[in-house]
Structures are given as structure tokens and as C-alpha cells.
Amino acid sequence: SLGITSMQNASGSIDELSLYVELQKNNELTTRYAAALSVNENTTQEQIEAFRQEREKLSQNPFVHADAVKFMLDGVIESHTAAMLRPYDDAIDNPGNFAIPLGAYRMKVLACDKAGFRIYTHAIGDRAVREALNAYEAAANENGQRPRRHRIEHIETVSPEDIPRFASLGVIASMEPIHADPGTIGVWEKAIGPDRLPFSFSWASMLGANVKLVYSSDWPACIDLNPIRGIHVAVNRRTPEGFPEGGWVAGQKISVGDALYAYTRMGAYSSFEEETKGQIKPGMLAD
């Protein structure tokens, strides 16, 4: 009913994957589904191998895929748990923290990259974003060059010097405009402070640096699943009532065309499916 025909689940397990396979067998699956296995410091090589085997079993399945893994590298701005390059403006002794030890994260990224998975990393703070880029770069150097299309999820704040690295490394910026809805950013803006505000939810800066930008919902951790409301935020970003003029970085808003592209064609691109879906064109899927 919202026009969603494919979903990429950024937090899953083999047991959950089996439920979608069962739905498909019973002709009850009404959307294409891609699973990402949740990986942390306790994930074993055997578990990664088991998920790789599931990926191979489903490699020719047109409705269910399992070709990605997901890491939680930090927390969120509002609770001061996102990892920052310098402390929060309203918590001057707190630069946030990592949800997984950095050494373990780097080792698991190397292992998952070697196993051929696409990698998602939840990184909201600017330091977490930098460390994710570093890990992806190290994996490419260690395991050799190949098409990867790894993603960083959310990127709510980023150091301007790291933005060009996305394009140079081929890393996709996976972002959710609904999280920048004016009704939800009061606490966020206070924590981030005025100096870092210009690179908050920096969609226009990403596109200006030729970064591949993907939009998604982050459901259920968002206020609305409807992509139209996300497009509205991306296109009409403005200062909420009661904020200083220009305080919510209207310069980072983008065009309707770019927002629609990020929700459609780029979602397909991120999963190596741009030749079969993501646009209305002869020969493509018409879900």
C-alpha cells in the first residue's frame, strides 16, 4: 500500500530467514526480501560459514536473498552513545562509545569481506563513520579488489574530510531522511552543537562528492514507514518553529528526483540488482 516491493532487513538470523522461505513456499510472501545476518564480537567463523551456505542455497531465488551481514558499531546521538571525534556539546566529557570493540570489528569485517558478503555497518557518530571506512579500506587492501558495495548505515554526522572517501572506496551511504524530521531533532541538535550541524544528515554534500546515496526507512526504529514522508523531509528540509533561522541546515536538502532515485534505483544498486529492478523500464521487474 506504500509502494514498497522490496525490503532489505539489516538485522536478522538464519531462523528468521527460514520463516521468509516458508512464506514463499506457501505463496504468502508479498515482497522481495533480503536478509543480513547480525554479526558481533561473539559471532563465530562457523556461524559466518553457515550463513554463507544459506546465501549459496538462495543464490537463484528471485524473492529471498541472504548476501549481507550487519554490524552495530555505535549507538545514537540522543543518548550520547554514538562515537564522536570530540565530546558532545551538552556532555563535554563524553565522546560516546563503540558497541563492539574496534579490534573485534575490524577482524570480523575482514572475515565477512573474505567470505564475499556485502557489509552494513550502523555508524551514526563521525568517529564511527571514520572507523567503518577504515575497516572497509583495510579489507579491500587485505582481500584484494573486487566489486563490494559495502554500506554505512545512518551517517547522521560525518567529518567533511571523510565524505570524499565514500566515493574513492566505493562505499554506499545508506541514510534515512525520516530521522531528520523537524519534529524529532530538538535533543539531537542540542547534543551535536552548532559547529557540527552543517554536516548533519549531509545528503547534498554526499551527492556533491559523487557518493552513491541510498534511502531507506530504518523501520521500526523510525516515526513513519511511508517513503513519501521521507521524500518530503529530504526535499523540504527547513528550520522548525522556535529554532534559530537556518539552524536545521536547509542547504543539505535535495531535489525530488534525487530523493526518488535514492529510494528506488539506488536501493537496487546496493544489492547488485540494478539490472532487474529499481526503475520502470522494458524488461525490468514490474512488481
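Residues numbered from 1 in each chain as written. Predicted model: local features only at pLDDT ≥ 70, side-chain atom pairs only at ≥ 80, totals over all residues. Heavy atoms only, no water.

Which residues make up the overall build of the chain, and what are the values?
Across its full length, the chain holds 10 helices and seven strands. Dimensions of the chain along its principal axes, counting C-alpha atoms only, are 55 × 45 × 30 Å. In the chain, buried positions account for 48% of the 287 residues. Residue pairs at least 24 apart in sequence account for 73% of intrachain contacts in the chain once pairs closer than 6 positions are excluded. Within the structure as shown, the chain displays about 13,600 Å² of accessible surface, and the carbon and sulfur contribution to it stands at 53%. (Helix = DSSP H or I, 4+ residues; strand = E, 2+ residues; numbered from the N terminus. Buried < 20%, exposed > 50% of the residue type's maximum accessible area, 1.4 Å probe, protein only. Contact = heavy atoms within 4.5 Å. Areas by Shrake-Rupley, 256 points an atom, 1.4 Å probe, with all protein chains shown as cover.)

Which residues make up the nonpolar core, and what values go with them?
Counting 70 residues, the largest nonpolar core has Ile152, Phe166, Trp203 and Tyr215 as the members making the most contacts within it. Ranked by the residues each element gives to this core, the list is headed by helix H4 (residues 126–143), at seven residues. Setting aside chain neighbours within four positions, we find phenylalanine 166 in contact with Val129, Leu133, Ile152, Ile155, Val171, Ile172, Ala173, Met206 and Val211. (Core = buried A, V, L, I, M, F, W, Y, C linked by side-chain atoms within 4.5 Å.)

Give me unusual backbone geometry: which residues, what numbers.
For residues besides glycine, phi is generally negative; the peptide bonds are generally trans as well. Omega for the bond connecting tryptophan 219 with proline 220 falls within 30 degrees of zero, at 10 degrees, which places this linkage in the cis form. Its location among the elements puts proline 220 in the loop between strand S7 (213–215) and helix H8 (227–235). Here the phi dihedral of arginine 149 falls at roughly 60 degrees; this positive angle occurs in a residue that is not glycine. The class for arginine 149 is buried, based on a relative accessible area of 14%. Even without being a glycine, histidine 154 presents a positive backbone phi close to 90 degrees.

Talk me through the pattern of salt bridges; I want residue IDs and the actual numbers.
Taken as a whole and assessed by the stated rule, the structure comprises 21 salt bridges. Close ionic contact of glutamate 49 with arginine 52 constitutes a salt bridge, the shortest N to O distance being 2.8 Å. One end of the pair, glutamate 49, and the other, arginine 52, are both in helix H2 (residues 45–57), three residues apart, so they sit about a helical turn from each other. For glutamate 49, a relative accessible area of 30% translates into the label partly exposed. Between arginine 229 and aspartate 181 there is a salt bridge, and its shortest N-O distance comes to 3.1 Å. (Salt bridge = Lys/Arg side-chain N within 4 Å of Asp/Glu carboxyl O.)

Hey, could you go over the side chain of glutamate 131 for me, with residue numbers and the actual values?
Here glutamate 131 is to be found in helix H4. Judged by its relative accessible area of 9%, glutamate 131 falls in the buried class. In this structure glutamate 131 touches Leu73, Phe98, Leu102, Tyr105 and Arg106, once residues within four positions along its chain are discounted.

Account for the environment of glutamine 53, with residues named and values stated.
Looking at the secondary structure, you find glutamine 53 in helix H2. Linking glutamine 53 and alanine 66, residues 13 residues apart in sequence, is a C-alpha distance of 9.5 Å.

Kindly report on the sheet that holds strand S5 (residues 151–154), identifying the contributing residues and their values.
Read across the open sheet, the seven strands follow the order S1-S2-S3-S4-S5-S6-S7; overall the sheet is parallel. Sheet topology places strand S1 (6–12) and S7 at the edges, where each strand pairs with a single neighbour. Ignoring strand direction, the axes of neighbouring strands in this sheet form an average angle of 30 degrees. The strands touched by H2 within the sheet are strand S2 (32–38) and strand S3 (64–72), with S3 carrying the most contacts at an inclination of about 150 degrees. Running at roughly 165 degrees to S3, helix H3 (residues 102–114) makes contact with S3 and strand S4 (118–123) of the sheet. (Pairing = 2+ DSSP bridges. Axes fitted to C-alpha atoms, helices over the stretch in contact; angles between N-to-C directions.)

Mind laying out H2, listing which residues take part and the relevant values?
A rise of 1.5 Å per residue sets the reference length of H2, with its 13 residues, at 18 Å; its end C-alpha atoms lie 19 Å apart and thus fit the reference within 8%. Among all positions of H2, only Ile48, Phe51, Glu54 and Arg55 are buried. Looking down the long axis of H2, one finds its buried residues gathered within 115 degrees of arc, a one-sided arrangement. Turned more than 90 degrees away from the buried face of H2, the exposed residues are Glu46 and Lys57. On its buried face, H2 sits against helix H1 (14–25), S2, S3 and H3. (Expected span 1.5 Å × (residues − 1). Arc of directions from axis to C-beta.)

Mind laying out the side chain of glutamate 273, listing which residues take part and the relevant values?
Looking at where glutamate 273 falls in the secondary structure, it is placed in the segment after helix H10 (265–270). Engagement of the side chain of glutamate 273 in a polar contact is seen with the side chain of histidine 65, the distance being 3.3 Å. With residues near it in sequence (within four places) discarded, glutamate 273 still touches His65 and Ala268. (Polar contact = N/O pair within 3.5 Å; in protein donor to acceptor, adjacent residues only side chain to side chain.)

Talk me through the packing of H3 against H4; I want residue IDs and the actual numbers.
Here H3 crosses H4 at 45 degrees, and the two axes come no closer than 9 Å. Viewed along their axes, H3 and H4 adopt a mutual orientation that is oblique. Like other packed secondary-structure pairs, H3 and H4 cross with a definite hand, here right-handed. Facing Leu102, Tyr105, Arg106, Val109, Leu110, Asp113 and Lys114 of H3, the residues of H4 in contact are Arg127, Glu131, Ala132, Ala135, Tyr136, Ala138, Ala139, Glu142 and Asn143. Class assignment for the residues of the contact of H3 with H4 results in nine nonpolar, one polar and six charged. (Parallel < 35°, antiparallel > 145°, perpendicular 65-115°, else oblique. Left-handed = near helix turned anticlockwise from the far one by under 90°. Nonpolar A, V, L, I, M, F, W, Y, C, P; charged D, E, K, R; others polar.)

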